[in-house]
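These are the residues of each chain, in order.
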Amino acid sequence: MKKLIPFLSLFVLLTAFTCEDEPLEDGLAGQIESNLECANTTSALITATENFGNASEEDANYTTVCNIYKTALQNQIAACGDPNGVLQITVNSLGDCTGDDNNEPDDAEVVGTWKLTAWNTTEATDINNDGTASINALDEIDCYDNETIVFNADNTGTVMSTTYAELSLTIEAGTTDSYIFTQECIDEIENTQITWTQTGNTIMITDEDDVEFSFTLSGNEMSNTVEEGFQVINSDDSTVTVNQDLTFVYTKL
């Protein structure tokens, strides 16, 4: 299976098979619950943002206030989404909340090997059907354990892929938005040659087809958010039943 570039081959185009029609009330109830959760996280984020805005890096409780703000941002992303990736960029900019690298150009050495460590969706999903959902799909999929990007000092590099997942799902009986996944991990070695440049905390990667991808550095991590990168498509009518942004996170080894 030829892939364009390994870190973007992690798009999930799943096939949904609807087992039965469900009452409209179930969908409305789920929507109301979702809206309420979004409203609650928005309220918490407003408070956390105000407290963080009044904090100084010299304050004794700065790390605590920063971590509360960071958690509120992550909860907002999970409950309400982050269409433009702005909230995730803010999360990344906070670093480890020590105040040492906030608002400063990243001091991580780009040259070296970076490993894919997170594949974050805007809503938690239980892909391995163990009853525990996770925003990080890599915790749910038995693939992508050794996907890396190697940056060379001469501004060349290699994106290395060793596996990819084939996923399918069915809608759980008695629900309209609960899915049962099946997965198969396929071994495939594929390397893509790249060039790269750095401007501040932004790493611009260009692949062999001159397609560019922008990553944001934060500490020893870099991330790229793809809008609507996680999709579930109904095979019966080709409608998109799940449509979430997808954030790739690489960590420096």
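Novice: Whenever I open this one, helix 2 (residues 62-80) confuses me. Can you help?
Specialist: Every α-helical turn comprises 3.6 residues, leaving residues that sit three or four positions apart pointing alike. Over its 19 residues, helix 2 runs 26 Å from end to end, which matches the ideal 27 Å to within 8%, given 1.5 Å per residue. Among the residues making up helix 2, those that are buried are Tyr62, Val65, Cys66, Tyr69, Lys70, Ala72, Leu73, Gln76, Ile77 and Ala79. Just downstream of helix 2 lies Gly81, where phi reads positive at about 85°.

Novice: Whenever I open this one, the layout of surface pockets confuses me. Can you help?
Specialist: Where empty space is left in the structure can be found by rolling a water-sized probe over the atoms. Within this model, the second largest pocket holds a volume of roughly 440 Å³. Lining the second largest pocket we find 26 residues, and of these Gln74, Gln88, Val91, Asn92 and Asn120 sit closest to its centre. Per-element accounting of the lining of the second largest pocket gives the leading share, five residues, to strand 2 (residues 112-125). Partitioning the lining of the second largest pocket into residue classes produces six nonpolar, 14 polar and six charged.

Novice: Looking at this structure, how should I read the packing of helix 2 against helix 3 (residues 86-93)?
Specialist: Closest axis-to-axis distance for the helix 2/helix 3 pair is 10 Å, and the angle between their directions is 155°. Taken together, the axes of helix 2 and helix 3 lie roughly antiparallel to each other. As helix 2 packs across helix 3, the resulting crossing turns out to be left-handed. Facing Tyr69, Lys70, Leu73, Gln74, Gln76 and Ile77 of helix 2, the residues of helix 3 in contact are Leu87, Gln88, Thr90 and Val91. Considered class by class, the residues forming the contact of helix 2 with helix 3 number five nonpolar, four polar and one charged.

Novice: I tried to follow the state of the cysteines on my own but got confused; where do I start?
Specialist: Here a disulfide denotes a covalent bond joining the sulfur atom of one cysteine to the sulfur atom of another. For the structure on display, the rule yields two disulfides. The disulfide that involves Cys38 links it to Cys80, with 2.0 Å between the sulfurs. Measuring handedness by torsion sign, the sulfur bridge of Cys38 and Cys80 sits at about 120° and is right-handed. Here the residue Cys38 occupies a position in helix 1 (residues 24-53), and Cys80 occupies one in helix 2, the gap between them amounting to 42 residues. Residue Cys38 is classed as partly exposed on the basis of its relative accessible area of 22%. For Cys80, a relative accessible area of 28% translates into the label partly exposed.

Novice: Mind showing me how you'd approach the packing of aromatic side chains here?
Specialist: Pairs of aromatic rings are described using the distance from one ring centre to the other and the angle between the two planes. Counting across every chain of the model gives five aromatic pairs. Where Phe52 meets Tyr62, the ring centres are 6.0 Å apart and the plane angle is 40°; that geometry is what we call tilted. With Phe52 in helix 1 and Tyr62 in helix 2, this pair connects stretches of sequence that are ten residues apart. A ring pair is formed by Phe52 and Tyr69, whose centres lie 4.6 Å apart and whose planes are at 20°; its orientation type is stacked. Taken together, the residues Phe52 in helix 1 and Tyr69 in helix 2 connect sequence positions 17 residues apart.

Novice: What is the right way to read the nonpolar core from this model?
Specialist: Proteins that are soluble and globular tend to have nonpolar side chains buried together. Grouped together as the largest cluster of nonpolar side chains are 29 residues, with contacts concentrated most on Tyr144 and Phe151. Every element with two or more residues in this core is listed here: strand 2, strand 4 (148-151), strand 5 (156-171), strand 6 (179-199), strand 7 (202-206), strand 8 (212-218), strand 9 (221-234) and strand 10 (240-252). The leading source of residues in this core is strand 6, at four residues. Setting aside chain neighbours within four positions, we find Phe151 in contact with Val110, Val111, Gly112, Trp114, Thr156, Ile194, Trp196, Ile203, Ile205 and Met222. Among the nonpolar cores identified, the runner-up in size contains 14 residues, and Phe52, Tyr69, Leu73 and Leu94 belong to it.

Novice: How should I be thinking about the pairing of strand 7 in this particular structure?
Specialist: Two faces, one strand: in a regular strand the side chains alternate between the faces of the sheet. Relative to strand 8, strand 7 runs antiparallel, the two being bridged by five bridges. Its bridge partner being in strand 8, Ile203 is matched across the sheet by Phe215. Where strand 7 folds back on strand 8, the antiparallel hairpin that results is connected by five residues, among which Asp210 adopts a positive phi of roughly 65°.

Novice: I'm lost on the environment of Asp245 in this one. Help?
Specialist: With respect to the helices, strands and loops of the structure, Asp245 is situated in strand 10. Counting along the chain gives 162 residues from Asp245 to Pro83, while the straight-line C-alpha distance between them is 6.7 Å.

Novice: Just to check I follow, could you spell out unusual backbone geometry for this structure?
Specialist: Most peptide bonds take the trans form, and the phi angle of most residues other than glycine is negative. The residue Asn155 is not glycine, and still its phi comes out positive at about 65°. Of note, Asn155 is situated in the loop between strand 4 and strand 5. For Asn155, a relative accessible area of 33% translates into the label partly exposed. One non-glycine residue with positive phi stands out, namely Asp210, at about 65°. Counting through the fold element by element, Asp210 comes out in the loop between strand 7 and strand 8. For Asp210, a relative accessible area of 64% corresponds to the exposed category.

Quick notes on the rules
- Residues numbered from 1 in each chain as written.
- Predicted model: local features only at pLDDT ≥ 70, side-chain atom pairs only at ≥ 80, totals over all residues.
- Heavy atoms only, no water.
- Helix = DSSP H or I, 4+ residues; strand = E, 2+ residues; numbered from the N terminus.
- Expected span 1.5 Å × (residues − 1).
- Buried < 20%, exposed > 50% of the residue type's maximum accessible area, 1.4 Å probe, protein only.
- 1 Å grid on protein atoms, 1.4 Å probe; cavity = no way out; pocket = protein on both sides within 12 Å on 5 of 7 lines; lining within 4 Å.
- Points joined across faces, edges and corners; volume = space filled by probe spheres on them.
- Nonpolar A, V, L, I, M, F, W, Y, C, P; charged D, E, K, R; others polar.
- Axes fitted to C-alpha atoms, helices over the stretch in contact; angles between N-to-C directions.
- Parallel < 35°, antiparallel > 145°, perpendicular 65-115°, else oblique.
- Left-handed = near helix turned anticlockwise from the far one by under 90°.
- Contact = heavy atoms within 4.5 Å.
- Disulfide = S-S within 2.5 Å.
- Phe/Tyr/Trp six-rings, centres within 6.5 Å; stacked < 30°, edge-to-face > 60°.
- Core = buried A, V, L, I, M, F, W, Y, C linked by side-chain atoms within 4.5 Å.
- Pairing = 2+ DSSP bridges.

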